[in-house]
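Spelled out, the chains give:
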Amino acid sequence: MSLELSMAFDGKAGEAIAMAPNVLCVTANNPSPYTFHGTNSYIVGTETLAVIDPGPDDPAHLGALLQAIDGRPVSHIFVSHTHRDHSPLTPALKAATGAEVLAQGPHRAARPLRDGEVNPFAENSDYAFAPDRALADDELVQGDGFAIRAIYTPGHCANHTAFALEGTGLLFSADHVMAFATTVVAPPDGSMSDFMASLDRLLQRDDRLYLPGHGGNVDNPLRFVRGLKAHRKMRERAILERFSAGDRTIKDVVAAIYRDTDPRLHGAAALSVYAHVEDLVARGLLQAEPDLALDAHYKPA
């Protein structure tokens, strides 16, 4: 099954647009190759509200959110994960609204650092974040006129959580599933085995529309997730084929299979290949020489 990405996006930074009944989206002005047009913050409800993913620490984005909130009470702030394009505005929004902050937990990596390893995404991680209350997987939070269920979806980040708006078929998929690009899975923050398991978790649901952390809606989401899973399996096969053909380093593999990708994204591509390599080594399909590392040598097991 092919993966059909979509660059369609109706938002404009700072403007609140209706995405579904009682759901507004305000996009932050932080565009980049990784964030597309910027981070999507969502406002849910009518009289009493919830905010999903406050976004980056940007006073202009805070102002745009408060303008869209328009003086209505905010009871809950949900945070999908602790990368700096999603969580740092949380304290300022909490101070302005008094809302309770809910998330799976503080920032943490998917695995400990190995000897001599540096976390390449450390500067992108919000280590200061702490929720008022940690959400359990599948926990249902009742608001005034809405109910939001936490769906634990690690992979992109160890504490990544999607949020389902109960009774609507809507899932706020954050960075786990996006229409415009495949998700960056970068060790040690991310884990490919966790990411694939989280895709399987979503395939067990019957959501009709995903509202992601960046870019436009994911229509026909179950078909898209199946395509995303097939894409990752195809990438895995390509990596194994490159090592079987004689490539020995992740750098060599990236040069071959990402030759048509924006060079600015090659660093992230190397980390994504590394995530696949970790999984392949764990499954006994690749062998590291001498040990697992971004710059190690690899060969088929």
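It should be emphasised that the depicted structure is a prediction, and the values quoted were computed from it without experimental measurement.

Peer 1: Even after reading the chapter, I still don't get the packing of helix H4 (residues 221–244) against helix H5 (residues 250–257), so can you show me in this structure?
Peer 2: When two helices pack together, their arrangement is given by the angle between the helix axes and the distance between those axes. The geometry of H4 relative to H5 is characterised by a closest axis approach of 10 Å and an angle of 120 degrees between their N-to-C directions. Relative to H5, the element H4 lies oblique. The two elements H4 and H5 cross, and the hand of that crossing is right-handed. Within the contact between the two elements, H4 uses Arg235, Ala238, Ile239, Arg242 and Phe243 and H5 uses Val253, Ala256 and Ile257. Grouping the constituent residues of the contact of H4 with H5 by class yields six nonpolar, no polar and two charged.

Peer 1: Before we go on, may I ask you to explain the pairing of strand E11 (residues 170–174) in this structure?
Peer 2: Consecutive side chains along a regular strand alternate between the two faces of the sheet. Counting buried residues along E11, five of its five residues qualify, which places the element largely inside the surrounding structure. Burial along E11 is two-sided: Leu170, Phe172 and Ala174 facing one way and Leu171 and Ser173 facing the other are all buried. Taken together, the three bridges between strand E10 (residues 161–165) and E11 define a ladder with antiparallel strand orientation. Within E11, the position partnered with alanine 164 by the bridge is leucine 171. Linking E10 to E11, which pair antiparallel, is a turn of four residues; within it glycine 167 sits at a positive phi near 80 degrees. Across four bridges, the pairing between E11 and strand E12 (residues 209–212) is parallel. Note that in E12 the partner of phenylalanine 172 across the bridge is leucine 211. Traced from E11 through helix H3 (residues 192–203) to E12, the parallel crossover comes out right-handed.

Peer 1: Sorry if this is basic, but what is going on with the side chain of aspartate 126 here?
Peer 2: Within the secondary structure, aspartate 126 sits in the loop between strand E6 (100–103) and strand E7 (133–134). Despite being buried, aspartate 126 has no salt bridge partner; arginine 84 is the closest side chain of opposite charge, sitting 4.5 Å away. Aside from chain neighbours lying at most four places away, what touches aspartate 126 is Thr82, Arg84, Ser87, Pro88 and His107.

Peer 1: Is there a simple way to explain the packing of H3 against H4 in this structure?
Peer 2: The geometry of H3 relative to H4 is characterised by a closest axis approach of 9 Å and an angle of 155 degrees between their N-to-C directions. What the angle tells us is that H3 and H4 run roughly antiparallel. For the crossing formed where H3 meets H4, the hand is left-handed. Every residue of H4 that contacts H3 at Met192, Phe195, Met196, Leu199, Asp200, Leu202 and Leu203 is listed here: Leu222, Val225, Arg226, Leu228, Lys229, Arg232 and Lys233. Taken together, the residues of the contact of H3 with H4 break down into nine nonpolar, no polar and five charged.

Peer 1: Looking at this structure, how should I read the sheet that holds strand E5 (residues 74–78)?
Peer 2: Hydrogen bonds along the backbone pair up the strands of a sheet, which may run parallel or antiparallel. The seven strands are arranged E1-E2-E3-E4-E5-E6-E7 in an open sheet whose pairing can be described as mixed. Each having just a single partner strand, strand E1 (16–20) and E7 make up the two edges of the open sheet. Across four bridges, the pairing between strand E3 (residues 40–45) and strand E4 (residues 49–52) is antiparallel. When the sheet's bridge partners are listed, isoleucine 43 is paired in E4 with valine 51. Across the face of the sheet, helix H1 (residues 59–69) comes into contact with E1, strand E2 (23–27), E3, E4 and E5 while running at roughly 160 degrees to E2.

Peer 1: Which parts of the structure should I look at to understand the packing of aromatic side chains?
Peer 2: The geometry of an aromatic ring pair comes down to the distance between the two centres and the angle between the two planes. Tallied over the entire structure, the rule returns five aromatic pairs. In this structure an aromatic cluster arises from ring pairing among Phe9, Phe36 and Phe180. The cationic tip of arginine 235 hangs over the ring face of tyrosine 258; the distance from NZ or CZ to the ring centre is 4.4 Å.

Peer 1: So what exactly am I meant to see when it comes to the layout of surface pockets here?
Peer 2: Gaps left between atoms are located by rolling a probe of water-molecule size over the structure's atoms. Of the voids in this model, the largest pocket is the one considered here, and its volume is about 790 Å³. Taken together, 35 residues form the lining of the largest pocket, with Ala181, Thr182, Thr183, Val184 and Leu265 sitting closest to its centre. Elements with a contribution of two residues or more to the lining of the largest pocket: H4, H5 and helix H6 (266–282). Its residues assigned to classes, the lining of the largest pocket comprises 18 nonpolar, 11 polar and six charged. Its boundaries defined by the atoms lining it, the second largest pocket holds a volume of some 360 Å³. Around the second largest pocket, the lining is made up of 22 residues, and of these Ser6, Ala179, Asn217, Val218 and Asp219 lie nearest the centre.

Thresholds, definitions, all that
- Residues numbered from 1 in each chain as written.
- Predicted model: local features only at pLDDT ≥ 70, side-chain atom pairs only at ≥ 80, totals over all residues.
- Heavy atoms only, no water.
- Axes fitted to C-alpha atoms, helices over the stretch in contact; angles between N-to-C directions.
- Helix = DSSP H or I, 4+ residues; strand = E, 2+ residues; numbered from the N terminus.
- Parallel < 35°, antiparallel > 145°, perpendicular 65-115°, else oblique.
- Left-handed = near helix turned anticlockwise from the far one by under 90°.
- Contact = heavy atoms within 4.5 Å.
- Nonpolar A, V, L, I, M, F, W, Y, C, P; charged D, E, K, R; others polar.
- Buried < 20%, exposed > 50% of the residue type's maximum accessible area, 1.4 Å probe, protein only.
- Pairing = 2+ DSSP bridges.
- Right-handed = clockwise from strand over helix to strand, strands pointing away.
- Lys, Arg positive; Asp, Glu negative; His and termini not counted.
- Salt bridge = Lys/Arg side-chain N within 4 Å of Asp/Glu carboxyl O.
- Phe/Tyr/Trp six-rings, centres within 6.5 Å; stacked < 30°, edge-to-face > 60°.
- Lys NZ or Arg CZ within 6 Å of the ring centre and 35° of its normal.
- 1 Å grid on protein atoms, 1.4 Å probe; cavity = no way out; pocket = protein on both sides within 12 Å on 5 of 7 lines; lining within 4 Å.
- Points joined across faces, edges and corners; volume = space filled by probe spheres on them.

Worth remembering: the numbers are spatial, not functional.
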